[in-house]
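Here is what each chain is made of, one letter per residue.
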Amino acid sequence: MYINATVARLTLRGVLGRRRTALLVILPVLLVVIAAAVQAMTDVEDRTIRDVLAGFAVGTVVPLVGVIAGTGTIGPEIDDGSIVYLLSKPVSRFKIILTKLLVAASVTLTFAAVPTFIAGLVLAGADGQVAVAYGLAAVVASIAYSSIFLLLGVVTRHAVVVGLVYALVWEGLFCGLIEGARTLSVLQWSLSLAERIAGDDVVDASVALPVAGVLLVVVTCAATWFAGHRLRSFTLAGEN
Amino acid sequence: MTTLTIDHVSRWFGNVVAVNDVTMEIGPGVTGLLGPNGAGKSTLIHMMSGFLAPSSGTVTLDGRTIWRNEQSYREIGLVPERESMYDFLTGAEFVVANAELHGLADPGAAARRALDTVEMTAAQDRKISTYSKGMRQRVKMASALVHEPSVLLLDEPFNGMDPRQRLHLMDLLRQMGADGRTVLFSSHILEEVEQLAHHIEVVVAGRHAASGDFREIRRLMTDRPHRYLIRSSDDRALAAALIADASTSGIELDVRERALRVQAVDFRGFTELLPRVAKDAGIRLFEVSPSDESLESVFSYLVAA
């Protein structure tokens, strides 16, 4: 078994604390409300779909929920030292990381990918592949972001800040302005999958699917492995 | 029989040497790791518990390296100094989770035994966030004992405990030591160590200052030169009377402070001499205070001894 049920249970209860749950709920609710408002007030065009589902859902909601879930599954435990109770057990550190990744990805899928699919249904209806395409893009982005932000939670005590800078500045700003930077964008990788499913009228991806697929797998696996490797060397700060 | 071996271990953080070439062997029974704050006790315990790699030297448990060896936790129970736990759990849930993580066959029964051992059964269904410092300490103990480890490492375990809880924990640790387990606890309080451990390891400023029987080391501490500040009704006459005795090695008349600064070489002899001499000479003692009784100065003497 690659997963530890006790670690999963403790992690889930920790990450779904009252304040964090409130944060996790706000963004998807906002997404669905915006989608409903747009659908009710305007004629939904392909560009509107791209703006709401690519720009806001996969481009903003997924990474922000990913930051909260990914860093929240391990960062607070490392900060306050309670991780010692998990690590002082005969449980492989890689198994602990895989379990926490599963929890982070599940939370991100629930609070970001599912609402993206619902927003797609609201905007484009059940006809066509728009909801499925963006929903699947949100799924792969959720997994990749979870692994990246979980790694940040292990390697830095400022994981939330670094994660937000990455999500908003790199993904949001640089990749929007600089054509070449899009090759290194989780958003663009996941959109390439959506483009393949729904066509380039409603999805505009900058990276070819084979390249995007390889990069998604490589980054997710590398981030997970490195997080496990760093956790093996977890050090308690001394009195000095 | 489980033995922790620290062999020529040093640990530095940048330019700061926290532990300097320490060699010691911790065997079955209760051992006290004694030293002032900042001496390197926690650093040593972190290395013994696999949460810090030595910069040089080795830390092994029955010959097996502890660092990056998760399997060593089958034999080690750790009570960390930090209080943070999973506050959203109840005490019982927390100890059961620890038992499950150890892969015990019946985690519920093991948790009940451990909670009973630390007398936390009555409060086991309350959230940890509602616990007092002493209760947290006892639940930490229960989580460390739940898999009945052969080695128990405790970092300042008596912090925050009331006297009754302290005595109970001491009894428990004594019993574990008598059962043949290897119990190591750190403390900066001499009296705590004195009550519990016959064998002590003393660290001062990252160096291994002393090792062995507590009474022997205590005698070394007691026999070091002691300095006192004394105010009396006739300082000069008292000085003349004290210096005539071999237990006193030096006296200074501090005119500005209007006091005597006395250095005694025989602690017991001097404490008997002073009131007797004062009484015989008809001198009233207004103040007798030790001027170098800080723990640091006591331990520092051991380094030089």
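Right, let's walk through the structure included here. As the structure is a prediction and not an experimental result, all values here were calculated from the model.

Quick notes on the overall build of chain B
No. 1: A count of helices and strands for chain B gives 10 helices and 14 strands.
No. 2: In terms of principal-axis extent, the alpha carbons of chain B reach across some 75 × 45 × 35 Å.
No. 3: Counting the 305 residues in chain B, one finds 51% classified as buried.
No. 4: For chain B, the proportion of contacts with a sequence separation of at least 24, taken over those separated by at least 6, is 67%.
No. 5: When the accessible surface of chain B is summed, it comes to about 13400 Å², and 49% of that surface belongs to carbon and sulfur atoms.

So, helix H4 (residues 133–145) of chain B
No. 1: The end-to-end C-alpha separation of H4(B) is 18 Å, in line with the 18 Å expected for 13 residues at 1.5 Å each.
No. 2: Counting buried positions along H4(B) yields 12 of 13 residues, so the element is predominantly enclosed.
No. 3: Buried within H4(B) we find Gly134(B), Met135(B), Arg136(B), Gln137(B), Arg138(B), Val139(B), Lys140(B), Met141(B), Ala142(B), Ser143(B), Ala144(B) and Leu145(B).
No. 4: Where the residues of H4(B) are buried, they touch helix H5 (84–87) of chain A together with strand S6 (76–79), helix H2 (91–101), helix H3 (107–117), strand S7 (151–154) and helix H5 (163–178) of chain B.

Brief notes about the pairing of strand S4 (residues 56–61) of chain B
Every other side chain in a regular strand lies on the same face of the sheet, so the side chains alternate between the two faces.
All names here are of chain B.
No. 1: Here strand S1 (residues 4–13) pairs with S4 via 5 bridges, running antiparallel. Across the sheet, Ile 6 pairs through a bridge with Val 59, a residue of S4.
No. 2: In the sheet, S4 pairs with strand S5 (residues 64–65) via 2 bridges, with the strands oriented antiparallel. Each residue of the ladder has a partner; that of Thr 60, found in S5, is Thr 65.
No. 3: Where S4 hands over to S5, the hairpin turn is made up of 2 residues, of which Asp 62 adopts a positive phi near 50 degrees.

Digging into the sheet that holds strand S3 (residues 29–34) of chain B
All names here are of chain B.
No. 1: Here we have 6 strands laid out as an open sheet, ordered S6-S7-S8-S3-S9-S10, and mixed in their pairing. Two strands in the sheet have a free side with no partner beyond their single neighbour: S6 and strand S10 (207–213). Taken pair by pair, the neighbouring strands of this sheet meet at an average axis angle of 15 degrees, ignoring direction.
No. 2: Where S3 and strand S8 (residues 182–187) come together, 6 bridges link them in parallel fashion.

What about the packing of aromatic side chains?
No. 1: For the structure shown, the criterion picks out 12 aromatic pairs over all chains.
No. 2: Here Phe149(A) and Tyr166(A) contribute two aromatic rings whose centre-to-centre distance is 6.0 Å and whose plane-to-plane angle is 70 degrees, an arrangement assigned as edge-to-face. In this pair, Phe149(A) sits in helix H7 (residues 130–155) while Tyr166(A) sits in helix H8 (residues 159–177), placing the two residues 17 residues apart along the sequence.
No. 3: When the centroid spacing of 5.9 Å and the interplanar angle of 85 degrees are considered together, the rings of Tyr86(B) and Phe88(B) count as edge-to-face.
No. 4: Grouped by ring-pair contacts, the aromatic residues Tyr85(A), Tyr86(B), Phe88(B) and Phe94(B) constitute a single cluster.

So, how was this worked out
- Residues numbered from 1 in each chain as written.
- Chains lettered and ligands numbered in written order.
- Predicted model: local features only at pLDDT ≥ 70, side-chain atom pairs only at ≥ 80, totals over all residues.
- Heavy atoms only, no water.
- Helix = DSSP H or I, 4+ residues; strand = E, 2+ residues; numbered from the N terminus.
- Buried < 20%, exposed > 50% of the residue type's maximum accessible area, 1.4 Å probe, protein only.
- Contact = heavy atoms within 4.5 Å.
- Areas by Shrake-Rupley, 256 points an atom, 1.4 Å probe, with all protein chains shown as cover.
- Expected span 1.5 Å × (residues − 1).
- Pairing = 2+ DSSP bridges.
- Axes fitted to C-alpha atoms, helices over the stretch in contact; angles between N-to-C directions.
- Phe/Tyr/Trp six-rings, centres within 6.5 Å; stacked < 30°, edge-to-face > 60°.

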